[in-house]
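Chain by chain, the residues:
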Amino acid sequence: MDPSQKRSRGRPRAFAAAAESTTIQALDRALHILKTLAASDGMSLTELAEASGQSPATVYRVLSTYETHGMVEFQPATQLWFVGQQAFRIGSAFLGRSNLVEQARAAMHALMSLTGETANLAIADGGDVMFLSQVETHEPIRAFFRPGSHGPIHASGIGKALLAYYPRDVIERLMRGHALTAFTGRTFTDNDRLFEELAVIRGRGWALDDEEYTDGMRCIAAPIFNEFGEPVAGISISGPTLRVTHARATEIGTQVRDAADRITEAIGGTAPERRANAPRRRAR
């Protein structure tokens, strides 16, 4: 593009209409169908219609349109619909905005080899975390988070690692919009207790999901920072409590934190200084 030429605007001049008045309802419903399908391992037309709250005829027309663009695929043998390759290509454009995933892969592979557990990379997505990448362990019993899948921010290792470095007012605003749902008997469901936990995490630089989302599974995570010292992503290892024991937590936590720091450096970020003496976590 000629530098003297101005790029066209992303929105019309003086555009300030309310979101609900600019939404294309048919497109909104169609995207809801695609997101519902993406959250599954394949769905029949009837299942997708029920899950999306739309009629089978409407869903079929939407799917047929998506199919012509490669956004969905149909398997006649199972009569199931799946997200297509083109949807993956479009979604990959998001990852192309940053070299985070590319820079993290080497550290994730090294972390998996070092700890023997599955390594994960995720970012915050409102009141959730969204997983971007995973390097699986070779152990038969292991955690699995499909890229694009979500987990609760308050009940995940990466989620708590990110929250620990958010300003308190941002966390409070986030918590007002998302209840601290209990997934197990160990989930933090009280704001004060959660803030105490976040103080511990800031002090030592890593977070522990101690069977707070899934019984029998632990996750140890640390945040990745941008050039402004802001947490933009997190790396973690996850595995069964039989292998990820409390006795190993500090050792693994240090390894995960070091991996996160290497990724931070690789993307040109700056990790904040940590306090030498972290507050002790109360017995639960």
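Residues numbered from 1 in each chain as written. Predicted model: local features only at pLDDT ≥ 70, side-chain atom pairs only at ≥ 80, totals over all residues. Heavy atoms only, no water.

> What is the right way to read the overall build of the protein from this model?
Counting its regular elements, the protein contains ten helices and eight strands. By residue count, 42% of the 284 residues in the protein fall in the buried class. Put simply, the protein shows about 16000 Å² of open surface, and 53% of that area lies on carbon and sulfur atoms. (Helix = DSSP H or I, 4+ residues; strand = E, 2+ residues; numbered from the N terminus. Buried < 20%, exposed > 50% of the residue type's maximum accessible area, 1.4 Å probe, protein only. Areas by Shrake-Rupley, 256 points an atom, 1.4 Å probe, with all protein chains shown as cover.)

> Sorry if this is basic, but what is going on with the sheet that holds strand 4 (residues 128–135) here?
Note: strands within a sheet are paired through backbone hydrogen bonds, in either parallel or antiparallel orientation. Strand order across the open sheet formed by six strands is 5-4-3-8-7-6, with antiparallel pairing between neighbours. The open sheet has two edge strands with one neighbour each: strand 5 (150–152) and strand 6 (207–210). Ignoring which end each strand starts from, the neighbouring axes of this sheet average 35° apart. With five bridges joining them, strand 3 (residues 118–125) and strand 8 (residues 231–240) adopt antiparallel strand pairing. Bridging across to strand 8, Leu-121 finds its partner in Ile-235. (Pairing = 2+ DSSP bridges. Axes fitted to C-alpha atoms, helices over the stretch in contact; angles between N-to-C directions.)

> Could you clarify how one ought to interpret the pairing of strand 6 in this entry?
Note on strand geometry: in a regular strand, side chains alternate between the two faces of the sheet. Every second residue of strand 6 is oriented toward a common face, with Ala-207 and Asp-209 on one face and Leu-208 and Asp-210 on the other, all of them buried. Bridge analysis of strand 6 against strand 7 (residues 217–225) gives four bridges, and the strand direction is antiparallel. By the bridge assignment for strand 7, Asp-209 is matched with Cys-219.

> For this particular structure, what's the right way to read the pattern of salt bridges?
Opposite charge on two side chains permits them to pair, given that their charged atoms come into close proximity. All told, the structure shown has eight salt bridges when counted by the stated rule. For Arg-243, the salt bridge identified is with Glu-117, shortest N-O distance 2.6 Å. Residue Arg-243 is located in the loop between strand 8 and helix 10 (246–266), and its partner Glu-117 is located in the loop between helix 6 (100–115) and strand 3; the two are separated by 126 residues in the primary sequence. According to the relative accessible area criterion, Arg-243 is buried, its value standing at 19%. The salt bridge partner of Arg-168 is Glu-172, with a shortest N-O separation of 3.0 Å. With Arg-168 and Glu-172 both in helix 8 (residues 168–177) and four residues apart, this pair spans about one turn of that helix. Residue classification places Glu-172 among the partly exposed positions, given a relative accessible area of 32%. Several salt bridges share partner residues, and in doing so they unite Arg-186, Asp-210, Glu-211 and Arg-218 into one network. (Salt bridge = Lys/Arg side-chain N within 4 Å of Asp/Glu carboxyl O.)

> I tried to follow the packing of helix 3 (residues 45–52) against helix 4 (residues 56–68) on my own but got confused; where do I start?
Put simply, helix 3 and helix 4 touch, their axes get as near as 9 Å, and they point 110° apart. Classified by the interaxial angle, the pair formed by helix 3 and helix 4 is roughly perpendicular. Contact residues: helix 3 offers Leu-45, Leu-48, Ala-49 and Ser-52, while helix 4 offers Pro-56, Val-59, Tyr-60 and Leu-63. By residue class, the composition of the contact of helix 3 with helix 4 is seven nonpolar, one polar and no charged. (Parallel < 35°, antiparallel > 145°, perpendicular 65-115°, else oblique. Contact = heavy atoms within 4.5 Å. Nonpolar A, V, L, I, M, F, W, Y, C, P; charged D, E, K, R; others polar.)

> What should I look at first to understand the packing of aromatic side chains in this one?
Given two aromatic rings, their pairing is described by the distance between the two centres and the angle made by the two planes. A full pass over the atoms with the stated rule returns four aromatic pairs. Seen from their ring centres, Phe-74 and Trp-81 are 4.8 Å apart, and the 40° between their planes marks the pair as tilted. The aromatic ring of Phe-195 is capped on one face by Arg-168, whose charged end is 3.8 Å from the ring centroid. The side chain of Arg-204 reaches across the aromatic face of Trp-206, ending 3.9 Å from its centre. (Phe/Tyr/Trp six-rings, centres within 6.5 Å; stacked < 30°, edge-to-face > 60°. Lys NZ or Arg CZ within 6 Å of the ring centre and 35° of its normal.)

> Can you help me understand the packing of helix 6 against helix 10 in this one?
Relative placement of two packed helices is described by the angle separating their axes and the distance separating the axes. Two elements in contact, helix 6 and helix 10, have axes separated by 9 Å at closest approach and are oriented at 160°. It follows from the interaxial angle that helix 6 and helix 10 lie roughly antiparallel. The chirality of how helix 6 crosses helix 10 is right-handed. Along its contact with helix 6, which presents Leu-100, Gln-103, Ala-104, Ala-107, Leu-111, Leu-114 and Thr-115, the element helix 10 presents Arg-248, Ile-252, Gln-255, Val-256, Ala-259, Ile-263 and Ala-266. The residue makeup of the contact of helix 6 with helix 10, split by class, is ten nonpolar, three polar and one charged. (Left-handed = near helix turned anticlockwise from the far one by under 90°.)

> I'm lost on the nonpolar core in this one. Help?
For soluble globular proteins, the rule of thumb is that nonpolar side chains tend to be buried together. Leu-100, Leu-121, Ile-220, Ile-224, Ile-235 and Val-256 are the most contacted members of the largest nonpolar core, which totals 28 residues. Mapped onto this core, the elements with two or more residues apiece are helix 6, strand 3, strand 4, strand 7, strand 8 and helix 10. Not counting the four nearest positions on each side in its chain, Leu-121 is found in contact with Leu-100, Val-101, Ala-104, Met-108, Met-130, Phe-131, Leu-132, Ser-133, Ile-158, Ile-224 and Gly-234. (Core = buried A, V, L, I, M, F, W, Y, C linked by side-chain atoms within 4.5 Å.)

> What is the right way to read the confidence of the model for the protein from this model?
Detailed reading of the predicted coordinates is not advisable wherever pLDDT is low. For the protein, the average pLDDT comes to 86, and 86% of its residues sit at 70 or higher. Averaged pLDDT values over the elements of the protein bottom out at 54 in helix 1 (residues 19–22) and peak at 98 in strand 6. Here residues 275–284 is a poorly scored stretch, pLDDT under 50, and it has 21 contacts once near neighbours within four places are set aside; other chains count. (pLDDT = per-residue confidence, 0-100.)

> For this particular structure, what's the right way to read helix 10?
Every α-helical turn comprises 3.6 residues, leaving residues that sit three or four positions apart pointing alike. Taking 1.5 Å per residue, 21 residues should reach 30 Å; helix 10 reaches 30 Å between its end C-alpha atoms and fits that length. Within helix 10 the residues assigned to the buried category are Ala-249, Ile-252, Gly-253, Gln-255, Val-256, Ala-259, Ala-260, Ile-263 and Thr-264. Packing partners of the buried residues in helix 10 comprise helix 6, strand 7 and strand 8. Positioned one or two residues after helix 10, Gly-268 has a phi angle of 80°, which is positive. (Expected span 1.5 Å × (residues − 1).)

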